[in-house]
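# Analysis of the macromolecular model
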Amino acid sequence: MLHKVMFRYDAVLFDMDGTLLDTLDDLTAALNAALAEHGFPAHSKETVMGFIGNGAYRLIQNALPAHTGDAVCAKVLATFKQHYAQHCDRLTRPYPGILSMLSALDEAGLKLAIISNKPDPQVQLLSKAFFGSLIHTAMGNRDDIPRKPAPDMLHLAMQALAVDPERTLYIGDSHVDFETAENAGIDIILASWGYENPKALRRLSPLFFVGDPAELPMLILQEQEDTP
């Protein structure tokens, strides 16, 4: 009897910053412009890298001196959002190998999505600008949806793609991504080329830990027999 061969996953959800796109230069420029406008010192790109992953408000909190009041944080955040909205795609680029990796998964018939704590307008803009029709749905931070590591955005994406959690994979570059996948009950692969210390990520025991986007199609497109 012939058996139908199928892939292990129907959908792959991706984090954006540090996973698909190197957004660090544009984030650093917008952050430092906002800090300067409000009289605060700038941060190096390496320092800003450690601030990324928990959304724009946490980015501002991390960048400001300890015990800065909420009102000041809100003003700096508003200025940052204005700067970033205007310049979010100037220096941002996909990591090497990302486009060919996404194309391979798309050609295999998998559904692809982006899930990010970046503000939703910028997620939509960057997804369309860099990935076009390769990404089937993209979701960023909105006031009506809890941000990662809450699983809500992943659940909404799976609903939009009409896929089940057990046949969905998440790929990210941080402990926040790992916690998000665990909270959503789906498998995760962690990437070492992003913004978090690879040694710390290895201790989280993801399904796989990869150092090159070219590794992903081979790992993701593993076949399994669909027996009756």
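Residues numbered from 1 in each chain as written. Predicted model: local features only at pLDDT ≥ 70, side-chain atom pairs only at ≥ 80, totals over all residues. Heavy atoms only, no water.

## Quick look at helix α8 (residues 175-184)
For α8, the complete set of buried residues consists of Val176, Asp177, Phe178, Thr180, Ala181 and Ala184. Close packing links the buried residues of α8 with β5 (111-119), α7 (152-161), β7 (168-172) and β8 (187-191). At the N-terminal end of α8, a side-chain oxygen is found 3.3 Å from the backbone nitrogen of valine 176, two or three residues along, and the residue is serine 174. Remark: glycine 185 follows α8 within two positions and exhibits a positive phi of approximately 75°. (Buried < 20%, exposed > 50% of the residue type's maximum accessible area, 1.4 Å probe, protein only. Helix = DSSP H or I, 4+ residues; strand = E, 2+ residues; numbered from the N terminus. Contact = heavy atoms within 4.5 Å. Polar contact = N/O pair within 3.5 Å; in protein donor to acceptor, adjacent residues only side chain to side chain.)

## Considering the packing of helix α1 (residues 24-37) against helix α4 (residues 70-87)
Relative to each other, α1 and α4 sit at 140°, their axes nearing to 8 Å. It follows from the interaxial angle that α1 and α4 lie oblique. Here the hand of the crossing between α1 and α4 comes out right-handed. Where α1 abuts α4, its residues Asp26, Leu27, Ala30, Leu31, Ala33, Ala34, Leu35 and Glu37 lie against Val76, Thr79, Phe80, His83, Tyr84 and His87. (Axes fitted to C-alpha atoms, helices over the stretch in contact; angles between N-to-C directions. Parallel < 35°, antiparallel > 145°, perpendicular 65-115°, else oblique. Left-handed = near helix turned anticlockwise from the far one by under 90°.)

## Some points on unusual backbone geometry
Residue lysine 148 is joined to proline 149 through a cis peptide bond whose omega torsion reads 15°. Assignment of secondary structure puts proline 149 in the loop between β6 (137-141) and α7. Positioned with a positive phi, alanine 162 is a non-glycine residue whose angle comes to about 60°. The class for alanine 162 is exposed, based on a relative accessible area of 64%. In this structure, serine 205 takes a positive phi of about 55° despite not being glycine.

## A word on the nonpolar core
Judged by nonpolar contacts, the single largest core of 50 residues is most densely connected at Phe80 and Ile220. Looking at this core element by element, the count peaks at six residues for α1. Beyond its immediate sequence surroundings of up to four residues, phenylalanine 80 is in contact with Leu27, Ala30, Leu31, Ala34, Ala56, Leu59 and Ile60. Judged by nonpolar contacts, the second largest core, of 20 residues, contains Ala11, Phe178, Ala184 and Ile188. (Core = buried A, V, L, I, M, F, W, Y, C linked by side-chain atoms within 4.5 Å.)

## Quick notes on the sheet that holds β6
One open sheet accounts for six strands, arranged β6-β5-β2-β7-β8-β9; its pairing is parallel. Each edge of the open sheet carries a strand with a single partner, namely β6 and β9 (208-210). Going from strand to strand, the sheet's axes swing by 20° on average, the running direction of each strand aside. Here four bridges tie β5 to β6, and the two strands are oriented parallel to one another. Along β6, the bridge assignment pairs proline 119 with asparagine 141. (Pairing = 2+ DSSP bridges.)

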